[in-house]
Structure formats: C-alpha cells, structure tokens
Amino acid sequence: MSNAQAPSALSRRDQIRKEAARLFAARGFLGVGVDEIGKAVGISGPGLYRHFSGKDAMLADLLVGISERLLEEGRRRAGDAPDAAGALDALIGGHVDFALDDRDLITLHDRELLHLKEEDRRRVRRLQRGYVELWVEVVREAFPVLAGAGGERTARAAVHAVFGLINSTPHSAGPQPAQGERSGLTRDGMAALLHRLALGAFAAAAATAGPGEG
C-alpha cells in the first residue's frame, strides 16, 4: 500500500469503528448485521472484510481499543501532573470526557463484553485492572489518610463508585450533549458537575476512613 492510500484506509477504518459502535449500542451486537454497518459507511458488507475479519473483530477492536486508550491516557495524565492532587484531577477530567464523548463505547462495555472471545475478554479485564490500580494509587497519594493497608480497600471501593457515577452518564443524558442534556445542563455544565461529584466522593471516602486505615 502506498503512502497516499494509507490515510484513506485509516479514515475508512475509523468510520467503520464509529458506525459499528453506534449501531451495536443502539440495537445490540447480535441485532446488527455486517451489511448494515457497510451501508452506514457507504460500502458493501463484504467490503468491510478488507478492514475487519468480521463483527467479532470489530467488537474486540472497539472494547480492547478503548481499554488501552484509557490506561495509556490515564498514565500520561497522571505522569504529567505536578502532584497527586493534580494527577487525580487530571484522571477525573479524562474519564469525564470519555463518558460524555464516547457514550456508545460505555454502552457497549456494559452490555456486550460477554460477546467477546475469551482471549479478548481477558485482555480487556487485564487492561481494566491496570486502570483501576492507577486510580487507586493516585487516590491514596492524594489522601494520605488512605495510605495504610486498610485504606486501600476504601480507596478501591471509592474508585469503583466514582466509575459507576461517571459511567452512568450515557443512561441519563440526552443524545445531543452539545445542545443540552435532559437535566438542563450543557455538556460543559455536566462535565463540571461530574468532576465536582467525583472529587467529593473521594473526599468523603477519606473523611470516613477509620483509624486503622491510615
């Protein structure tokens, strides 16, 4: 393949990813055919096989890809921060952006992970564990009261709770976040609210930590 063709192929692959995610999220992985995905991007169903070997490969690409992206971006954000508080702030901001801008992928993860092949599912789980551990480490640095062995349990529970809070956005927000949410908040307003709620949840976890947790 020539250098001139590569950008076009990459663009088409990204289009397929976007439309596959949208259709899978709207109708379920089992409810969408290859021909429908091809029609959405303007090519024949069989033409998709030049980019993906099939629906299974598309779903794996989407779910493994977002797990890799979250971990890599999280590590970058935490590494670039001046201190633990800044790292936590950056992690929250990145995950909020993901929740608001990649809603289809959150829906897919919640509903379609079971349709991945076992090897791909294990890979996603491994990446997710790395992402959680990154957050737990940063939370415990940002709140020294959680630095002890007992504090790890509290920090981990708080991280999962915050993920649940932020990831619930696709189920409660409208389809056009730039034009306003069902809650009446704009996209930026919802982002700011989620950010404050997440920080508050971690502060509350630290405040309720028992004497043996610090």
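Placed above this text is the structure.
Notes on the structure follow. Note that the structure is a prediction, hence the values are computed from the model and not measured. (Residues numbered from 1 in each chain as written. Predicted model: local features only at pLDDT ≥ 70, side-chain atom pairs only at ≥ 80, totals over all residues. Heavy atoms only, no water.)

Within the element layout of this structure, F98 appears in helix 4 (residues 84-101). Take F98: its relative accessible area is 6%, and that puts it in the buried class. When the C-alpha atoms of F98 and I66 are compared, they prove to be 9.4 Å apart, with 32 residues separating the residues in sequence. In contact with F98, other than residues within four places in its own chain, are I66, R69, L70, R103, L105 and I106. (Helix = DSSP H or I, 4+ residues; strand = E, 2+ residues; numbered from the N terminus. Buried < 20%, exposed > 50% of the residue type's maximum accessible area, 1.4 Å probe, protein only. Contact = heavy atoms within 4.5 Å.)

Any two packed helices are characterised by how steeply their axes cross, that is the angle between the axes, and by the distance between the axes. At a minimum axis distance of 10 Å, the contact between helix 4 and helix 9 (residues 187-207) shows a crossing angle of 135°. One finds that helix 4 runs oblique with respect to helix 9. Handedness of the helix 4/helix 9 crossing: right-handed. Taking contact as the criterion, the partners of L88, D89, I92, G93, V96, D97, L100 and D101 in helix 4 are, on helix 9, R187, M190, A191, L194, H195, A198, L199 and F202. (Axes fitted to C-alpha atoms, helices over the stretch in contact; angles between N-to-C directions. Parallel < 35°, antiparallel > 145°, perpendicular 65-115°, else oblique. Left-handed = near helix turned anticlockwise from the far one by under 90°.)

Let us look at the packing of aromatic side chains. The tally for this structure, following the rule as stated, stands at 5 aromatic pairs. Taking the centre distance of 6.0 Å and the plane angle of 70° together, the rings of Y131 and W135 count as edge-to-face. Residue Y131 and its partner W135 are both found in helix 6 (residues 118-142); the two are separated by 4 residues, about one turn of the helix. Here Y131 falls in the buried class, since its relative accessible area comes to 7%. (Phe/Tyr/Trp six-rings, centres within 6.5 Å; stacked < 30°, edge-to-face > 60°.)

Glancing now at the pattern of salt bridges. Counted according to the given criterion, the structure contains 19 salt bridges. Each member of the salt-bridge network shares a partner with another, and the members are R13, D14, R17 and D61. (Salt bridge = Lys/Arg side-chain N within 4 Å of Asp/Glu carboxyl O.)

Note that all results are geometric; they support no functional claim without further evidence.
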